[in-house]
Amino acid sequence: MTAKVTLSFSDDTIEEARRFAKREGLSLSAWMDQAAREKALREVFTAHAAAVGRAGLDLESAALADAHEVAMVDDALFGGRPRAA
């Protein structure tokens, strides 16, 4: 569903937005929709990363440890041969 809204932008902002939209082959509305959605997702992901950090979770290290464990099991089971898909 699409909602029509009235927004106000500075002359510089709207000029840049039009230029970026044209460069990407999008209408100004489509480009602004995409830009707003990307900004909202960045805000959500930034908040999530901050919460993970405050919780003291080290997800990157855990993922690397999991990958290492999978490699060790593969090596033990398949002796370095690639496993069947």
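Reading guide: rules and limits
Residues numbered from 1 in each chain as written. Predicted model: local features only at pLDDT ≥ 70, side-chain atom pairs only at ≥ 80, totals over all residues. Heavy atoms only, no water. Helix = DSSP H or I, 4+ residues; strand = E, 2+ residues; numbered from the N terminus. Rg over C-alpha atoms; globule rule 2.2 N^0.38 Å. Buried < 20%, exposed > 50% of the residue type's maximum accessible area, 1.4 Å probe, protein only. Areas by Shrake-Rupley, 256 points an atom, 1.4 Å probe, with all protein chains shown as cover. Lys, Arg positive; Asp, Glu negative; His and termini not counted. Charge placed at Lys NZ, Arg CZ, Asp CG, Glu CD. Phe/Tyr/Trp six-rings, centres within 6.5 Å; stacked < 30°, edge-to-face > 60°. Lys NZ or Arg CZ within 6 Å of the ring centre and 35° of its normal.

## Description of the overall build of the protein
From N to C terminus, the protein includes three helices and zero strands. When the elements of the protein are put in sequence order from the N terminus, they spell out α-α-α. Here the protein has a C-alpha radius of gyration of 23 Å; the compact-globule value for 85 residues is 12 Å, and the former is much larger. Dimensions of the protein, computed from C-alpha atoms along their principal axes, come out at roughly 65 × 35 × 25 Å. Here the protein, with 85 residues, has 6% of them falling under the buried criterion. Of the roughly 7600 Å² that the protein leaves accessible, carbon and sulfur atoms contribute 58%. Considering the protein, the positive charge centre built from 11 side chains and the negative charge centre built from 14 side chains are found 8 Å apart.

## Let's talk about the packing of aromatic side chains
Per the stated rule, a full pass over the model turns up one aromatic pair. Between Phe20 and Trp31, the ring centres sit 5.8 Å apart and the planes meet at 15°, which makes this aromatic pair stacked. Of the two residues, Phe20 is situated in helix H1 (residues 11–23) and Trp31 in helix H2 (residues 28–54); the sequence distance between them amounts to 11 residues. For Phe20, a relative accessible area of 24% corresponds to the partly exposed category. The positively charged end of Arg19 is found above the aromatic ring belonging to Phe20, 4.9 Å away from the centroid.

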